[in-house]
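Each chain, written out:
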Amino acid sequence: MNKWNKRFIELAEFISKWSKDPSTKVGAVIVGEDKMGVRDHIQLEIEYYHCEGVVSWSSDNDEVAVVDEYGIVSGVSQGKVTITATLGELSECHVIIVE
């Protein structure tokens, strides 16, 4: 099992404890690389369940990396950046090191 599948399962198990009604269990996890180079591009994806809407992506430091509306991250300069995917009231963060 790769680290992304394990992370998703751990999140699903954690969220499943919130409610006894399975139709109300929601969750999301970002899947993608955690390291990239300057001028490289990587695709992040968000896996979610029991929620609907449009995912919006943001970077906490556009000087290190930017992310577009499709989750494609572009390395700008060396450093650490947190990419956030938001779907309704749900948010999930993913840290990337740009080398």
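Report follows, based on the coordinates. (Residues numbered from 1 in each chain as written. Predicted model: local features only at pLDDT ≥ 70, side-chain atom pairs only at ≥ 80, totals over all residues. Heavy atoms only, no water.)

### Topic: the sheet that holds strand 5 (residues 56-59)
Item 1. Read from one edge of the open sheet, four strands run 2-9-8-5, paired in mixed fashion. On the outer flanks of this sheet lie strand 2 (35-36) and strand 5, each paired with one strand and no other.
Item 2. As paired elements, strand 8 (residues 79-87) and strand 9 (residues 90-98) share nine bridges and run antiparallel to each other. Each residue of the ladder has a partner; that of T82, found in strand 9, is V95. (Pairing = 2+ DSSP bridges. Helix = DSSP H or I, 4+ residues; strand = E, 2+ residues; numbered from the N terminus.)

### Some thoughts on the side chain of S74
Item 1. Note that S74 resides in strand 7 (residues 72-75).
Item 2. Assessed through its relative accessible area of 17%, S74 is described here as buried.
Item 3. A polar side-chain atom of S74 sits 2.7 Å from a polar atom in the side chain of H41.
Item 4. Those residues within four positions of S74 in sequence are excluded, and the remaining contacts are M36, D40, H41, V64, A65 and V66. (Buried < 20%, exposed > 50% of the residue type's maximum accessible area, 1.4 Å probe, protein only. Polar contact = N/O pair within 3.5 Å; in protein donor to acceptor, adjacent residues only side chain to side chain. Contact = heavy atoms within 4.5 Å.)

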